[in-house]
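Reading the structure
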Amino acid sequence: MKLKIKLMAMIVLVFNMSLFAQDGYVLSGTVLDGANMPIPGVNVLVANSTTGTATDFDGNFQLKVKRGDVIKLSYIGYVTQSISITGQETVSVVLAEDASQLEEVVVVGYGSQKKSDITGAVSSVKSEELNAFPVANAEQALQGRAAGVVVQSNNGGEPGAPIAIKIRGNTSINADSSPLIVVDGFVGATMPQANDIESMEVLKDASATAIYGSRGSNGVVLVTTKKGRSGKLTVEINSTYSVQNTANRLDLLNANQFAAYQQAINPGYIQGSEDTDWQELLYRSGSTANHQFSFSGGSENINFYASANYYKQEGIIINSDFEKISFLSNVDAQVTDKLKLGLNLFGSRGDKGGVATQSTGSTANAGGDDVISLMFRFAPDIGPIDADGLNTVQSAIGDRIDNPYAIANERIIDTKTDNFRTNFYANYDIFENLAFKTTFGFSTINETLGDFQPSTLIEQAGAAGGRASYSNLKQTTVLSENYLTYNTAIGKGNLNLLGGYSYQKNTSERFSASTEGLISDSFSYYNLGGASTPLAPSSSFTEQEILSQFGRLNFDYDDKYLLTATVRRDGASNFARNEKYAIFPSGAIGWKVSNEEFLANNGTISNLKLRASYGVTGNQAIGAYESLARFVDLYAVTNGQTVNAVTPDQVANANLKWESSYQTNLGLDLGLFSNRISLALDYYNIDTKDLLLADASQPEYLGFATLASIRNVGEVNNKGFEVSLSTKNIYTDNFSWTTDFNWSTNKNEVVKLIDGIDVFLDAAPSYLRQGRTHILREGEAAGVFWGHEYRGVYQGGDVPVGTALKPNAAAGDPLFTDIDGSGTITTDDQKIIGDPNPDYTFGFTNNFNYKNIDLSIFFQGSQGGEVFNLTNVQLFNGDSNATTDVLNAWTPTNTDTNIPRAGNNSNREISSRFVEDGSYIRLKNVALGYTFPSDLVEKLGVDNLRLSVSAQNLLTFTKYSGLDPEASYFGGGGESTGESNTTQGFDFGNYPTVRSVNFSLNLKF
């Protein structure tokens, strides 16, 4: 009987064990480092399967396994470890640090390097910095994060406004100085959403950028998007909602003050019946919503990442908004031991509903058409609607202009942009040390712009019976790059060789149509054919190609001495037949002093590296066909009949070539106390020669329509210092405090111009009727302000020595310096009156973590640059509303003032009276977050849950009297600030900067 019982028990045990082995069980484990501290986020994967998980905050995991399985535990910076499952229910694993992975890896052109091996000037921006607060464009998140990098919106807080980036100043005058953007290897790509970016590197000196040759002189921004990792499927949701308001408003006259002010100028002025606060009428509380959904995962052989993002912003000006939907997908597959394939997809649709801002002032009656400046100018004793129910106009004083509320509500400016990009790569390991990579990419951007001005806008379009226009721009890019990489050890040295070939083709197709005399205002800009006066349409097609060969050598000897040599040969179709190709070389050396025996085991200095580089990079950012003889169409009249005709446009230039920047960089990297203090210092000098300048010296009698043809004349110099400092101030189990600080200077100088002749430029809106606001002059910075030097208010009687008045002046009018001694102020008495270029810029971030609470405080600022307040040029003229400063204007009983009399004889003068200090310090971002404990979120069935609140542009410390010292008016020429190197620091009609409070949720499964 006992034997039967034992046999039955044994059978049941074996049966249960077989079931146990067949169905598996849950293995519990803990992963620790060498100091017995838990490691969160370790990938735990059952080999040869897709079953996996990751350790929680305390290093714990649970995974379903069965006897005979092998689990692999991997984490960046540690040696991957394998464990065979023999029936154990718990495991405790200690991962060993992997010395080969401990150092940070930095992405460089066509590859990556350990940060300690970098010989050039490279700044890295972390993913958490890019996502510190919600932004519509990832470029915005760069502001204040990297030394030597200046980031500015082209129009303040306007929804969907483009972003301008300058690296180490303006290296050109006419050509674009924006950096080259490279996303996942695609040259010239559009920046993805910040949440999709894994890392961003800013290449600044020639050693780092020469691999991009003719497009490297303005710096390069390399963007690496997120990739999937082997292990369990990870789902992440990031959601943010923001409330936005104006950061500042002008203190304008109310109706009674305005009437008294006007009656001081014209006693016959009759006050209107309204008291309208146009700012209150047009400003509103804005908002943003930013929602991202992503999922990623993979197995041993294939990884994937995919995301979708929705962004919507309601601007702080009525009827201004921006909406964008985007997606991104990355797939990487290890097909065989030698072959790896990858595919990157990106797409977006942006819809911008704008209001008119930053007017050129060239509309009907020269009155301007932008909502912002009109909001300040328009009389407060007039309402938006008159007694007949029609839109009001300002006619009693100054220019006849429509009221800004009508323009904001009735003028429609819609911009729709579709962006698609795909990039495919294949990497094949030919031999153990030799690999070949080929990439093929295609992108297309399709943008449509519709502009509708109804007949109810009396001064803008009423006389024409309404206006409408519709335009389209389509840009496509095809990119093919192929290169070999070879790595080998030579004695104590390591050699890396790179050689490749690149071909890129860009095409642009554009058309535009417009009309007047609309049959009805109901069709907006969608029925151009239903108008009585169609205007001449236009269309164009351009094509540009770049063919390149490039190579790079990196040699590291004994982990102490570094050498980098780079060369690229570019051929560009938009240059002349004699100058199609150019070679751009660079060289750099580095010395890891801390690896020398005399610093071995030094308790203070943990890292010390010296760097030096020199090289040549180019700028070919001009339009197509600039070197060719061209014709242009025009209307001509023959025998009273209008006929189509053509005329010579410009003369051919067989020697037109790219600008070349000769760059020197000296750098030092220092780490102290086990790198708890990390310091990087750089000095640079950039000489840009063969500037692409418009030469207007061509005689008119030759008959060419374009007199100012582009040719290579001139030189610009930029030099400066950059400091980047990171410190780990406190680092304990429960509390940490880190600081990041960057500071940079840049001194810009125009060294040479065409025949040394001054070039005068005008940024004022045309109705101000000015001819000169800034100047290009040898020995000065590009775009310094030009005008009269203001010397105070004339009190009557004798004119003070060294000063003079404008003709027909009286007591209370402005005094100016009499430079030529003629006794009368003319254009000969103008001089340089200000410089928009700052002395230095900086960013300062402190991050605090206490248990599950984190706090980030980020300051950003600029010191020394000046702002030309064109808004005040208009508001102090007497023919519009004004700020309350005019209440202190000179009168016979109020002579102790620096403000001329009301309606003085200044005629909107361009003088130093309106040049102000644009220095500022801004509390850019404050963010407070809480990450819920792992034991709590596990009960909720999620891996991570984080809530945060943040505020942007909370405080700004500045002496500037305008809305914002970060002014970016593009000027009367209507050009984009991002493309202008000379029109800087002007303030007129800019969309205001916003102050926002954000609430964010991060959820990870």
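Remember, it's a predicted structure, so these values are computed and weren't measured experimentally.

1. Some points on the overall build of the protein
Within the protein one finds ten helices and 56 strands. Relative to its length of 1005 residues, the protein is compact, with a C-alpha radius of gyration of 33 Å against a globular reference of 30 Å. The 1005 residues of the protein split such that 51% are buried. For the protein, the share of sequence-separated contacts (at least 6 apart) that also reach a separation of at least 24 residues comes to 69%. Taking the average place of the 73 positive charges on the side chains of the protein and the average place of its 107 negative ones, the gap between the two points comes to 8 Å.

2. Topic: the pairing of strand 47 (residues 814–817)
In strand 47, alternate side chains face the same way, and those of Pro814 and Phe816 on one face and Leu815 and Thr817 on the other are all buried. Direction of pairing for strand 45 (residues 790–793) relative to strand 47: antiparallel, over a ladder of two bridges. Pairing of Tyr790 across the sheet is with Phe816, part of strand 47. In terms of strand pairing, strand 46 (residues 803–804) meets strand 47 through two bridges, oriented antiparallel. Considered in strand 47, the bridge of Ala804 is made with Phe816.

3. Looking at the packing of aromatic side chains
The full count for this structure, using the stated rule, is 28 aromatic pairs. Both rings, one in Tyr110 and one in Phe550, keep their centres 4.3 Å apart while their planes meet at 20°; by these two values the pair is stacked. With Tyr110 in the loop between strand 8 (105–108) and strand 9 (111–114) and Phe550 in strand 29 (residues 538–557), this residue pair connects regions lying 440 residues apart in the sequence. Like Tyr110, the residue Phe550 is buried in the burial classification. An aromatic cluster is defined as three or more aromatic residues linked by ring pairs; in this entry it consists of Tyr110, Tyr212, Tyr483 and Phe550. Across the ring face of Tyr581, the terminal group of Arg569 is positioned such that the distance to the ring centre comes to 4.1 Å.

4. Things to note about the pattern of salt bridges
Tallied over the full model, the rule gives 33 salt bridges. Residue Lys352 pairs with Glu158 through a salt bridge whose shortest N-O separation is 3.3 Å. Remark: Glu158 occurs in the loop between strand 11 (149–153) and strand 12 (163–167) and Lys352 occurs in strand 21 (residues 339–354); sequence separation between them is 194 residues. Residue Glu158 is classed as buried on the basis of its relative accessible area, which comes to 12%. Among the salt bridges present, the one from Arg568 reaches Asp570, with a minimum N-O distance of 3.0 Å. Classification of Arg568 by relative accessible area gives buried; the value is 0%. Classification of Asp570 by relative accessible area gives buried; the value is 1%. Through salt bridges with shared partners, a single network forms among Lys609, Arg611, Asp669 and Asp682.

5. Brief notes about the environment of Arg168
In this structure, Arg168 sits in the loop between strand 12 and strand 13 (180–183). Its relative accessible area of 2% is what places Arg168 among the buried residues. Sequence separation between Arg168 and Thr357 is 189 residues, and the spatial gap between their C-alpha atoms is 29 Å. Setting aside chain neighbours within four positions, we find Arg168 in contact with Ala121, Gly148, Lys204, Asp205, Asn665, Asp682, Tyr684, Ile686, Asn718, Glu722 and Asn746. Of note is the side chain of Arg168, whose polar atom sits 2.9 Å from the side chain of Asn665.

6. So, the nonpolar core
Counting residues in each nonpolar core, the largest one holds 53 residues, and the members touching the most others are Ile317, Met375, Phe376, Phe868 and Leu870. Of all the secondary-structure elements, those providing two or more residues to this core are helix 4 (255–265), helix 5 (278–282), helix 6 (371–377), helix 7 (404–410) and helix 9 (870–875). Here this core takes five residues from helix 6, the largest share from any one element. The contact partners of Phe376, leaving out residues within four places of it in the chain, are Leu250, Leu252, Gln279, Tyr283, Thr871, Leu875, Asn881 and Leu963. Of all hydrophobic cores here, the second largest spans 38 residues; its members include Val149, Val182, Val187 and Leu479.

7. Describing the sheet that holds strand 7 (residues 90–94)
Taken in spatial order, the three strands line up as 4-1-7 in an open sheet, and their pairing is mixed. Two strands in the sheet have a free side with no partner beyond their single neighbour: strand 4 (60–65) and strand 7. The sheet shows a mean angle of 30° between the axes of neighbouring strands, direction not considered. Where strand 1 (residues 25–32) lies against strand 4, six bridges are found, and the strand directions are antiparallel. Residue pairing in the sheet places Thr30 in a bridge with Asn60 of strand 4.

8. A few points about the sheet that holds strand 2 (residues 43–46)
Spatially, four strands are ordered 3-2-5-6 in an open sheet, and the strand pairing comes out antiparallel. Edge positions in the sheet fall to strand 3 (52–54) and strand 6 (81–84), since each has one partner strand and no second. For this sheet the average axis-to-axis angle between neighbouring strands, irrespective of direction, equals 20°. With three bridges connecting them, strand 2 and strand 3 associate as antiparallel partners. Among the inter-strand pairings, Val44 is bridged to a residue of strand 3, identified as Thr53.

9. Section: the environment of Glu139
Topologically, Glu139 is positioned in the loop between helix 2 (127–130) and strand 11. Sequence-wise, Glu139 and Gln641 are 502 residues apart; in three dimensions their C-alpha atoms are separated by 53 Å. Once residues lying within four places of it in the same chain are set aside, the contact partners of Glu139 are Val151, Ile163, Ile165 and Met191.

10. Examining the environment of Arg568
Take Arg568: it is sitting in strand 30 (residues 561–572). Measuring from C-alpha to C-alpha, the distance between Arg568 and Tyr525 comes to 48 Å, with 43 residues separating the pair along the chain. A distance of 3.1 Å separates a polar atom in the side chain of Arg568 from a polar atom in the side chain of Ser548.

11. Observations concerning helix 4
Turning to helix 4, its buried residues number three or more, namely Ala255, Phe258, Ala259, Tyr261 and Gln262. The buried side chains of helix 4 occupy one side of the element, clustering within an arc of 165° when seen end-on. Of the exposed residues in helix 4, the ones pointing more than 90 degrees away from its buried face are Asn256 and Ala264.

12. So, the side chain of Thr688
In this fold, Thr688 is placed in strand 36 (residues 677–689). We classify Thr688 as buried; its relative accessible area is 1%. There is a polar contact of 3.1 Å between the side chain of Thr688 and the backbone oxygen of Thr171. Once residues lying within four places of it in the same chain are set aside, the contact partners of Thr688 are Thr171, Glu659, Ser660, Ser661, Gly714, Glu715 and Val716.

Conventions used here
- Residues numbered from 1 in each chain as written.
- Predicted model: local features only at pLDDT ≥ 70, side-chain atom pairs only at ≥ 80, totals over all residues.
- Heavy atoms only, no water.
- Helix = DSSP H or I, 4+ residues; strand = E, 2+ residues; numbered from the N terminus.
- Rg over C-alpha atoms; globule rule 2.2 N^0.38 Å.
- Buried < 20%, exposed > 50% of the residue type's maximum accessible area, 1.4 Å probe, protein only.
- Contact = heavy atoms within 4.5 Å.
- Lys, Arg positive; Asp, Glu negative; His and termini not counted.
- Charge placed at Lys NZ, Arg CZ, Asp CG, Glu CD.
- Pairing = 2+ DSSP bridges.
- Phe/Tyr/Trp six-rings, centres within 6.5 Å; stacked < 30°, edge-to-face > 60°.
- Lys NZ or Arg CZ within 6 Å of the ring centre and 35° of its normal.
- Salt bridge = Lys/Arg side-chain N within 4 Å of Asp/Glu carboxyl O.
- Polar contact = N/O pair within 3.5 Å; in protein donor to acceptor, adjacent residues only side chain to side chain.
- Core = buried A, V, L, I, M, F, W, Y, C linked by side-chain atoms within 4.5 Å.
- Axes fitted to C-alpha atoms, helices over the stretch in contact; angles between N-to-C directions.
- Arc of directions from axis to C-beta.

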